[in-house]
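# Working through the structure, step by step
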Amino acid sequence: MLMAHPTVLRNLIEQYEALLPRAEDGSAEARRRMEDLTYTLCVSTGTRDIDTALATARRQLSGIGSENGFALAG
């Protein structure tokens, strides 16, 4: 399976988490952006729902570095 670049995954997670409070308050623009982020995270992780996508992305990010003998800050 292809995997998204760690920087891309980290950026998507950060954007999703930053937007979550605004999307929940009803802003149409924020909801639309949240839908885009959800879709992109799901496609990037090969999953079908946001909870699984976030868990998969975090798991992928946590495994980076340990396989190569170093740890990434993040």
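To keep things clear, this report deals only with the structure shown in the data block. (Residues numbered from 1 in each chain as written. Predicted model: local features only at pLDDT ≥ 70, side-chain atom pairs only at ≥ 80, totals over all residues. Heavy atoms only, no water.)

So, about helix α1 (residues 6-24). With 19 residues, α1 extends 27 Å between its outermost C-alpha atoms, agreeing within 8% with the 27 Å of an ideal straight helix rising 1.5 Å per residue. Along its length, α1 shows its largest kink, about 30 degrees, at alanine 18, and proline proline 21 lies within four residues downstream of that point. Taken together, the buried positions of α1 are occupied by Leu9, Leu12, Ile13, Tyr16, Leu19 and Ala23. Here the buried face of α1 lies against α2 (28-45) and α3 (50-63). Backbone geometry just downstream of α1 places glycine 26 in the positive-phi region, at approximately 105 degrees. (Helix = DSSP H or I, 4+ residues; strand = E, 2+ residues; numbered from the N terminus. Expected span 1.5 Å × (residues − 1). Bend = angle between axes of the 7 residues up to and from the residue. Buried < 20%, exposed > 50% of the residue type's maximum accessible area, 1.4 Å probe, protein only. Contact = heavy atoms within 4.5 Å.)

Time to look at the packing of α1 against α3. Closest axis-to-axis distance for the α1/α3 pair is 10 Å, and the angle between their directions is 135 degrees. On the basis of the axis angle, α1 is oblique to α3. Here α1 and α3 pass one another in a crossing that is left-handed. Contacts between α1 and α3 pair Pro6, Leu9, Arg10, Ile13, Tyr16 and Glu17 from the former with Ile50, Leu54, Ala57, Arg58, Gln60 and Leu61 from the latter. Its residues assigned to classes, the contact of α1 with α3 shows 8 nonpolar, 1 polar and 3 charged. (Axes fitted to C-alpha atoms, helices over the stretch in contact; angles between N-to-C directions. Parallel < 35°, antiparallel > 145°, perpendicular 65-115°, else oblique. Left-handed = near helix turned anticlockwise from the far one by under 90°. Nonpolar A, V, L, I, M, F, W, Y, C, P; charged D, E, K, R; others polar.)

Before going further, it helps to examine the nonpolar core. Core analysis: the largest hydrophobic core is formed by 17 residues, its most contacted members being Ile13, Tyr16, Leu41, Ile50 and Leu54. Of all the secondary structure elements, the ones that give two or more residues to this core are α1, α2 and α3. The biggest single contributor to this core is α1, with 6 residues. Setting aside chain neighbours within four positions, we find leucine 41 in contact with Leu12, Ile13, Tyr16, Thr47, Ile50, Ala53 and Leu54. (Core = buried A, V, L, I, M, F, W, Y, C linked by side-chain atoms within 4.5 Å.)

This part is about the pattern of salt bridges. Where charged atoms of side chains with opposite charge meet at close range, the side chains can pair. All told, the structure shown has 1 salt bridge when counted by the stated rule. Among the salt bridges present, the one from arginine 58 reaches glutamate 17, with a minimum N-O distance of 2.2 Å. Of this pair, arginine 58 sits in helix α3 while glutamate 17 sits in helix α1; the two residues are 41 residues apart in sequence, bridging distant segments of the chain. (Salt bridge = Lys/Arg side-chain N within 4 Å of Asp/Glu carboxyl O.)

Helix length check: α3 (14 residues) gives 20 Å between terminal C-alpha atoms against 20 Å at 1.5 Å per residue, within 8%. The complete set of buried residues in α3 reads Ile50, Ala53, Leu54, Thr56, Ala57, Gln60, Leu61 and Gly63. Looking at the buried positions of α3, the neighbouring elements they touch are α1 and α2.

Interpretation in functional terms is not warranted from these geometric data alone.
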